[in-house]
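One-letter residues, chain by chain:
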Amino acid sequence: MQYKKVITLSLIFAVVFAIVNEFVFAASTAVTGDGILDGALKVLVMIQKYSWPVVTLLMVWALYKYYVMGNEVLAEKVVGQRMVVGIAIFMVIVQCLPLVYAFFIV
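Residues numbered from 1 in each chain as written. Predicted model: local features only at pLDDT ≥ 70, side-chain atom pairs only at ≥ 80, totals over all residues. Heavy atoms only, no water.

Draft legend 1. Geometry of the nonpolar core. Of all hydrophobic cores here, the largest spans twelve residues; its members are I7, A14, V55, M59, A62, V84, V85, I87, A88, M91, V92 and C96. Where this core is concerned, the elements lending two or more residues are α1 (4-24), α2 (35-67) and α3 (74-105). At seven residues, the largest contribution of residues to this core is made by α3. Setting aside its immediate chain neighbours within four residues, I87 contacts V55, L58, M59 and A62. (Core = buried A, V, L, I, M, F, W, Y, C linked by side-chain atoms within 4.5 Å. Buried < 20%, exposed > 50% of the residue type's maximum accessible area, 1.4 Å probe, protein only. Helix = DSSP H or I, 4+ residues; strand = E, 2+ residues; numbered from the N terminus. Contact = heavy atoms within 4.5 Å.)

As structure tokens, then:
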């Protein structure tokens with residue numbers, strides 16, 4: 001795979017940010033006391049927590065396209081590699097959103 005370092009670092013950062021989010025928001029997601037701002041933070045934390053199963057399924061599909069279907073058709077290999085890189089970077093962004101939002105509203 002061409003972008004192996006990017007994918008590996010992105011997945012490592014995603015896991016680290018998930019662990020940091022669990023420690024930061026373990027007690028409460030109430031940061032400001034405002035219902036709307038704290039509600040948006042709760043939604044971002046829920047998206048962050050429940051994105052792992054969806055992304056795992058998408059990653060399995062992308063790896064299937066890269067390794068299995070890509071052995072027969074080169075275009076599928078390229079699509080699968082782009083999907084893997086995109087999913088890894090998207091996961092880092094999703095994991096960072098609650099922390100970035102909390103930083104900006106406080």
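Draft legend 2. Representation of the environment of F90. One can find F90 in helix α3. Between the C-alpha atom of F90 and that of A14, which follows or precedes it by 76 residues, the distance is 9.2 Å.

Draft legend 3. View of empty space enclosed by the protein. Counted under the stated rule, the structure contains one cavity of 30 Å³ or more. Taken as a whole, the largest cavity encloses approximately 40 Å³ of empty space. Surrounding the largest cavity, N21, E22, F25, V45, Q48 and K49 form its lining. For the lining of the largest cavity, the secondary-structure elements that each account for two or more residues are α1 and α2. (1 Å grid on protein atoms, 1.4 Å probe; cavity = no way out; pocket = protein on both sides within 12 Å on 5 of 7 lines; lining within 4 Å. Points joined across faces, edges and corners; volume = space filled by probe spheres on them.)

By themselves, these figures tell us nothing about what the structure is for.
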